[in-house]
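Here is what each chain is made of, one letter per residue.
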Amino acid sequence: MNLHTPKIALGAWSWGAGMAGGDMVFGSHLFEKDLQPVFDKAVACGLNLWDTAAVYGEGTSEQILGNFIRNVNRDKVIISTKFTPQIAENTPDAMQKMLNGSKQRLHTAVIDIYWIHNPMDVEKWTPDLIPLAESGQIKSIGVSNHNLAQIKRAAEILGASGLKITAVQNHYSLLHRSSERAGILDYCRKNGITFYSYMVLEQGALSGKYGVNNPFPQGSGRGAAYNAHLQKLEELVAGLKEIGQKYNASPAQIATAWAIAKGTLPIIGVTKPNQVEEAAAAAQIALTPEETAYLETLGDKAGFNTLREWENEMI
């Protein structure tokens, strides 16, 4: 990629509404008028890497982001979006069709990073990336929610055509380190692959905003996943606050800085301008090895498995 990749990506999963969208997963209803200041702040802060997917809000996340991108210099923005096998048509050109929809909604002819969202069938879907890359429609290839064996197999399939995986995107946080324990982080490091960590803040559970007395919105996916376990997270959130005092940083910033300290590129969902500013500042925090280890001890002690319904364990 020609552009310098920042230390943090901004996520648009919670933008828009519909199946797998902001309303159902996050309990929010955010569209252009709410989010334009967020995009503008990102431009001002130099955060230009945006992560979305065709499945988020049935395309509404891509559409909102695309409406913002069309008004700026396309060459200044890095677009990351995904092919989701579960919503693919049962046709030979299913991936091309989904990519066409993404390109249309995002107002771009080229996607910078194109991912297979999950390993529904590595043998079936990985080869379909090859003509997309060879035709220049996608600049680089990523796989998401894949375990180590699936990553290696996808790399073999692509390698036979002279292509390679440049990015892996998995759920990774202080509460969910299965990709690390499975050796995926080490594999990425050895093979020059960028590991993108998503749900670093566990959809806000590690932000310090939510707790026993201030739970997530009822009726949302994250409310169902976290509300019953918020008490288990109190000691970890207190640890994030404790270290945050040293750096004049929020719990969310420390959780983000931890992911960077582990050699990953965190994707931080943003719905407010101040969250963009916080993310930019978090990229400047360098935790010590002792602080990193302390937080991991607290995360393990919480004993809360945050594996979600779309995921498989990496180990």
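Residues numbered from 1 in each chain as written. Predicted model: local features only at pLDDT ≥ 70, side-chain atom pairs only at ≥ 80, totals over all residues. Heavy atoms only, no water.

K.L.:
I would appreciate a short explanation of the overall build of the protein chain in the present structure.
P.N.:
Scanning the protein chain for helices and strands turns up 14 helices and 8 strands. In terms of overall dimensions, the protein chain is globule-like: its C-alpha atoms have a radius of gyration of 19 Å, near the 20 Å expected for 315 residues. A principal-axis box enclosing the C-alpha atoms of the protein chain has dimensions of 50 × 40 × 35 Å. Going through the 315 residues of the protein chain one by one, you find that 57% of them count as buried. When contacts within the protein chain are restricted to residue pairs at least 6 apart in sequence, those whose partners lie at least 24 apart make up 79%. Accessible surface for the protein chain amounts to roughly 13300 Å². Of this, 51% is attributable to carbon and sulfur atoms. In the protein chain, 28 positive and 31 negative side-chain charges are present, and the distance between their average locations comes to 3 Å. (Helix = DSSP H or I, 4+ residues; strand = E, 2+ residues; numbered from the N terminus. Rg over C-alpha atoms; globule rule 2.2 N^0.38 Å. Buried < 20%, exposed > 50% of the residue type's maximum accessible area, 1.4 Å probe, protein only. Contact = heavy atoms within 4.5 Å. Areas by Shrake-Rupley, 256 points an atom, 1.4 Å probe, with all protein chains shown as cover. Lys, Arg positive; Asp, Glu negative; His and termini not counted. Charge placed at Lys NZ, Arg CZ, Asp CG, Glu CD.)

K.L.:
Sorry, what's going on with the packing of helix H12 (residues 251-261) against helix H13 (residues 273-282) here?
P.N.:
For any two helices packed against each other, the geometry comes down to the angle between their axes and how far apart the axes lie. Between H12 and H13, the least distance of the axes is 9 Å, while the angle of their chain directions is 40°. In terms of axis orientation, H12 runs oblique to H13. Along this stretch, H12 crosses H13, giving a crossing that reads as right-handed. Seen from H12, the contacting residues are Ala252, Gln253, Thr256, Ala257 and Ile260; seen from H13, they are Glu278, Ala281 and Ala282. (Axes fitted to C-alpha atoms, helices over the stretch in contact; angles between N-to-C directions. Parallel < 35°, antiparallel > 145°, perpendicular 65-115°, else oblique. Left-handed = near helix turned anticlockwise from the far one by under 90°.)

K.L.:
Is there a simple way to think about the pattern of salt bridges in this case?
P.N.:
Two side chains with opposite charge may pair up if their charged atoms get near one another. Taken as a whole and judged by the stated rule, the model has 19 salt bridges. Glutamate 180 is the salt-bridge partner of arginine 177, the closest N and O atoms lying 3.4 Å from each other. One salt bridge connects lysine 301 with glutamate 235, and the closest N-O pair in it is separated by 3.0 Å. One end of the pair, lysine 301, is in helix H14 (residues 289-302); the other, glutamate 235, is in helix H11 (residues 234-247), and 66 residues separate them in sequence. (Salt bridge = Lys/Arg side-chain N within 4 Å of Asp/Glu carboxyl O.)

K.L.:
Teacher, can you tell me more about unusual backbone geometry here?
P.N.:
Peptide bonds are mostly trans, and most non-glycine residues show a negative phi. Phi at glutamate 202 takes a positive value of approximately 50°, unusual for a residue other than glycine. Examined against the element boundaries, glutamate 202 turns out to sit in the loop between strand E7 (194-198) and helix H10 (221-226). On the accessibility criterion, glutamate 202 (0% relative accessible area) is buried. Phi angles above zero are rare outside glycine, and glutamine 203 is one such case at about 55°. Looking at the secondary structure, you find glutamine 203 in the loop between E7 and H10.

K.L.:
Quick question: what am I supposed to make of the sheet that holds strand E1 (residues 9-11) here?
P.N.:
Strand pairing in a sheet is mediated by backbone hydrogen bonds. Such pairs are either parallel or antiparallel. One closed barrel holds the 8 strands; their spatial order is E1-E2-E3-E4-E5-E6-E7-E8, and the pairing between them is parallel. Strand after strand, the sheet turns through a mean of 30° between neighbouring axes, direction not considered. Taken together, the 3 bridges between strand E2 (residues 49-51) and strand E3 (residues 78-83) define a ladder with parallel strand orientation. Bridge assignment links tryptophan 50 to a residue of E3, and that residue is isoleucine 79. (Pairing = 2+ DSSP bridges.)

K.L.:
I keep staring at the pairing of strand E4 (residues 111-116) and nothing clicks. Help me out?
P.N.:
If a strand is regular, its side chains alternate between the two faces of the sheet. Taking burial as the measure, the 6 residues of E4 include 6 buried ones, the bulk of the element. Looking at chain direction, E3 and E4 are connected through 4 bridges and run parallel. Its bridge partner being in E4, threonine 81 is matched across the sheet by tyrosine 114. Considered for its hand, the β-α-β crossover made up of E3, helix H4 (residues 94-106) and E4 is right-handed. (Right-handed = clockwise from strand over helix to strand, strands pointing away.)

K.L.:
Help me understand the pairing of E7 in this model?
P.N.:
For E7, the tally of buried residues reaches 4 of 5 residues, placing the bulk of the element in the interior. For strand E6 (residues 165-171) and E7, the ladder comprises 5 bridges, and the chain directions are parallel. Bridged to valine 168 within E7 is phenylalanine 195. Where E7 lies against strand E8 (residues 265-269), 2 bridges are found, and the strand directions are parallel. Residue tyrosine 196 lies in a different strand from E8, and its bridge partner there is leucine 265.

K.L.:
What is the right way to read helix H3 (residues 60-69) from this model?
P.N.:
With 8 of 10 residues buried, H3 is to be regarded as a mostly interior element. Here H3 has its buried residues at Thr60, Ser61, Glu62, Ile64, Leu65, Gly66, Phe68 and Ile69. If you follow the buried residues of H3, they end up packed against helix H2 (32-45), E2, E3 and H4.

K.L.:
Sorry, what's going on with H12 here?
P.N.:
For an α-helix, 3.6 residues make a turn, and residues three or four places apart therefore share a direction. Most of H12 sits out of view: 10 of its 11 residues are buried. Looking at H12, one finds that the buried residues are Pro251, Ala252, Gln253, Ile254, Ala255, Thr256, Ala257, Trp258, Ala259 and Ile260. The elements touched by buried residues of H12 are E7, H11, E8, H13 and H14. A positive backbone phi angle near 85° is found at glycine 263, which sits one or two residues after H12.

All we've got here are geometric facts, nothing functional implied.
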